[in-house]
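# Working through the structure, step by step
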Amino acid sequence: MELTQVLSDVLKEAFTAAGYDAAYAQVKVSDRPDLCEFQCNGAMAAAKAYHKAPFMIADDVLKHLPENDCIGRIEVVKPGFINIDSDPAYISRSLSSLYGSGETPIPQAAKPRRIVIDYGGPNVAKPLHVGHLRSAVIGESIKRILRAVGHEVLGDVHLGDWGLQMGLIMTEVRERQPDLIYFDESYEGDYPEEAPFTISELEEIYPAASARSKEDEAYKARAMEATHKLQMGVRGYRALWERIMAISIADLKKNYQKLDVTFDLWKAESDAQPYIPDMVTYLKDGGYAHYDQGALVIDVAEETDTAVIPPCMVLKSDGASLYNTTDLATIVERMKLFDPDEIIYVVDKRQSLYFTQIFRAARKAHLVKEETGLRHIGFGTMNGRDGKPFKTRAGGVMRLETLLQNIYDEMEKKISENRNVKEDDARTTAAIVGLSAVKYGDLSNQASKDYIFDVDKFTSFEGNTGPYILYTIVRIKSILAKYGAEGGTLLPPASREEKDLMLALTDFGSVIADAAENMAPHRICAYIFRTANEFNRFYHETHILTEEDKARQASWITLLDMTKRVLETCIDLLGFKAPEHM
Ligand code: ARG
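Summarised in this report is the structure supplied together with it. What you see is a predicted model; the values in this text were computed from it and never measured.

Moving on: the side chain of Glu-410. Positionally, Glu-410 belongs in helix H13 (residues 400–418). Setting aside anything within four residues of it in sequence, one finds Glu-410 in contact with Val-455, Asp-456 and Thr-459.

A word on unusual backbone geometry. Looking along the chain, the bond that leaves Lys-78 and enters Pro-79 is cis, with omega of 0°. As for its position among the elements, Pro-79 is in the loop between strand E3 (71–77) and strand E4 (81–86). With phi around 45°, Asp-339 is a residue other than glycine that occupies positive phi space. The residue Asp-339 is located in the loop between helix H11 (323–338) and strand E10 (342–348) in this model. Positive phi outside glycine occurs at Met-519, with the angle close to 45°. For Met-519, a relative accessible area of 7% corresponds to the buried category.

Close contacts around the ligand come from Asp-118, Gly-121, Asn-123, His-132, His-158, Tyr-323, Asp-327, Tyr-345, Val-347, Gln-351 and Phe-355, and that covers them all. A distance of 2.8 Å is found between a nitrogen atom of the ligand and a side-chain nitrogen or oxygen belonging to Asn-123. Note that a nitrogen atom of the ligand is positioned 2.8 Å from one of the side-chain N or O atoms of Tyr-323. Computed on the free molecule, the ligand has an accessible area of 350 Å², of which 85% lies beneath the protein chains in the complex. Those elements giving two or more residues to the shell around the ligand turn out to be H11 and E10. Split into classes, the residues belonging to the shell around the ligand amount to four nonpolar, five polar and two charged.

Here helix H2 (residues 42–50) crosses helix H3 (residues 54–63) at 110°, and the two axes come no closer than 8 Å. Between H2 and H3, the crossing angle belongs to the class labelled roughly perpendicular. Between H2 and H3 lies a crossing whose hand is right-handed. The residues of H3 that touch H2, namely those facing Ala-43, Met-44, Ala-46, Ala-47 and Tyr-50, are Pro-54, Ile-57 and Ala-58. Across the contact of H2 with H3, the residue classes tally to eight nonpolar, no polar and no charged.

Looking now at the pairing of strand E11 (residues 373–379). Burial runs high along E11: six of the seven residues are buried. Looking at chain direction, E10 and E11 are connected through seven bridges and run parallel. Pairing of Asp-348 across the sheet is with Phe-379, part of E11. Handedness of the crossover is the feature at issue here: the chain leaves E10, passes through helix H12 (residues 352–364), returns alongside E11, and the resulting connection is right-handed.

On to the sheet that holds strand E7 (residues 290–292). The strand order across the open sheet built from three strands is E7-E8-E9, with neighbouring strands paired in antiparallel fashion. Strands at the two margins of the open sheet, each flanked by one partner only, are E7 and strand E9 (312–315). Each neighbouring strand pair of the sheet contributes to a mean axis angle of 50°, computed without reference to strand direction. Direction of pairing for strand E8 (residues 295–298) relative to E9: antiparallel, over a ladder of three bridges. Residue pairing across strands places Ile-298 opposite Cys-312, the latter belonging to E9.

In the structure shown here, the tally under the stated rule is 24 aromatic pairs. Ring geometry for Tyr-20 versus Tyr-50: centroids 4.9 Å apart, planes at 85°, classification edge-to-face. You can see Tyr-20 sitting in the loop between helix H1 (3–17) and strand E1 (28–29) and its partner Tyr-50 sitting in helix H2, a full 30 residues away along the chain. The exposure class of Tyr-20 is buried, given its relative accessible area of 5%.

Now for the environment of Glu-225. Turning to its location among the elements, Glu-225 is positioned in helix H8 (residues 217–232). Looking at Glu-225, the relative accessible area reads 44%, which means it is partly exposed. Remark: the alpha-carbon pair of Glu-225 and Arg-334, spanning 109 residues in sequence, is separated by 29 Å.

Turning next to empty space enclosed by the protein. Tallied over the entire structure, the rule returns one cavity of 30 Å³ or more. Here the largest cavity is characterised by a volume of approximately 30 Å³. As for the largest cavity, its lining consists of Arg-134, Ile-138, Asp-442, Leu-443, Asn-445, Gln-446, Ala-447, Pro-521 and His-522. If you list the elements that add at least two residues to the lining of the largest cavity, you get helix H5 (130–148), helix H14 (423–443) and helix H19 (521–541). Partitioning the lining of the largest cavity into residue classes produces four nonpolar, three polar and two charged.

Definitions and cut-offs
- Residues numbered from 1 in each chain as written.
- Predicted model: local features only at pLDDT ≥ 70, side-chain atom pairs only at ≥ 80, totals over all residues.
- Heavy atoms only, no water.
- Helix = DSSP H or I, 4+ residues; strand = E, 2+ residues; numbered from the N terminus.
- Contact = heavy atoms within 4.5 Å.
- Buried < 20%, exposed > 50% of the residue type's maximum accessible area, 1.4 Å probe, protein only.
- Near = heavy atom within 4 Å.
- Polar contact = N/O pair within 3.5 Å; in protein donor to acceptor, adjacent residues only side chain to side chain.
- Areas by Shrake-Rupley, 256 points an atom, 1.4 Å probe, with all protein chains shown as cover.
- Nonpolar A, V, L, I, M, F, W, Y, C, P; charged D, E, K, R; others polar.
- Axes fitted to C-alpha atoms, helices over the stretch in contact; angles between N-to-C directions.
- Parallel < 35°, antiparallel > 145°, perpendicular 65-115°, else oblique.
- Left-handed = near helix turned anticlockwise from the far one by under 90°.
- Pairing = 2+ DSSP bridges.
- Right-handed = clockwise from strand over helix to strand, strands pointing away.
- Phe/Tyr/Trp six-rings, centres within 6.5 Å; stacked < 30°, edge-to-face > 60°.
- 1 Å grid on protein atoms, 1.4 Å probe; cavity = no way out; pocket = protein on both sides within 12 Å on 5 of 7 lines; lining within 4 Å.
- Points joined across faces, edges and corners; volume = space filled by probe spheres on them.

This is a description of form; function is not addressed.
Given below as structure tokens:
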């Protein structure tokens, strides 16, 4: 149990015994750490209800304090605050019982749920750009956190592989290679296994096609027709689409692997396609959808809306399906295949109106159960140092690879400056530390906020950064390696710094529970920054390896080992790891 709760329970008894309502007994972490660790301000609030001076109430409460082993010092200060310090031996005992066995247990959710988490969301044949980074990084961390507290989690990449983008690519391919067998509709044989393009050609094809379609009406019409043929299942188009998918997915897997992001499901928009016809019939027959100017729509406005929520379009007036259609059908598919308790979407917050429409439509038409959770975790924009959306120097959309390369180069420079390392060594370490810089730089901000991607700041070894956290872990590892032996029994803290570090470690479980509850990785970042700071303060005050009291020294080693495990568990939940040295 959290320490504030343990202390509150003791004070509740005291408040009750003294004749006051136990509701006033709440203990919190002190606002004035220079004076005390914890405080209870209940006497101030009780004063009004009981028409008594707060000081008298607090005094009364202290007189009725029950026997306990968790309070080290308690006193009343004017006008009626109750200041509390924890008992040092209690703290070391609770840490020993929590982590003494060598495990770093995470409190498990009372009711484990089955959760599908939709993140990543890359589009086939389009290069990953910086906008996809946030979804991948945040989604991966939330997946790991939810899983760690005991939920059954399925991560789905939900590839964008349907719609006009595919028609555009096919049209451009045809433009360049008109004689390809895929476009011969009278052909009945097998199609070649080998794709008629490489991934780099493919990545260049989409932007070219997209640009041309904006100027050339006839070209755009051809792309729409190609899309239609694909969706109708014309053989050659299907086969070409499969080739595009195969090389694109292989490339995406490689890129996500570099980010240490993995998916349980590599499903795509096209997988929902078979569910569309029945869903449309159901929506029409059930009276959930109706035609409005030729388009099939579901009204989703509610009386309490303060802003206009337009209807959710299910089919366009030409009968074509769209992004909405696929998302609704994907909900049907997910319910059928996985029957989840909740579906979470980690998608740019600019799509929040869209998800409001989708969720309302799904509920209204009972595509999900009453109790099924649907949640959009909308993230903000990643901006450049000028505070504007991240762009290349030339003003284009920056590719993810380029952005990451900038970080890795800078990291390698800093690591090589830092000490004399062999070049390969510096490069491998730079990749590990660089990933922490990117992920921590992102995750330390509340997801919904925009943030500035600042290479200098993110790669710094000082301050609230990934490299600082890793540096702290590596420092601990190196002390442990120098000491070489097992630690010993954890003794009560001998200094303020040591006690603060221990107090931070006791909070681990409640921080993870809170991060899971709120699906908020930034809370874990704030916690490891605090813990790393407490550790470094302790480290500067303490000469661990030259200590002559061997029992004390062994206790410190145990404390270091616990700190290391807590920090490493946390960074694993954030999605990165520490190198052996740096
Ligand atoms: N592919 C989409 C994009 O790039 C993101 C997909 C998000 N997931 C979803 N179920 N709509 O914007």
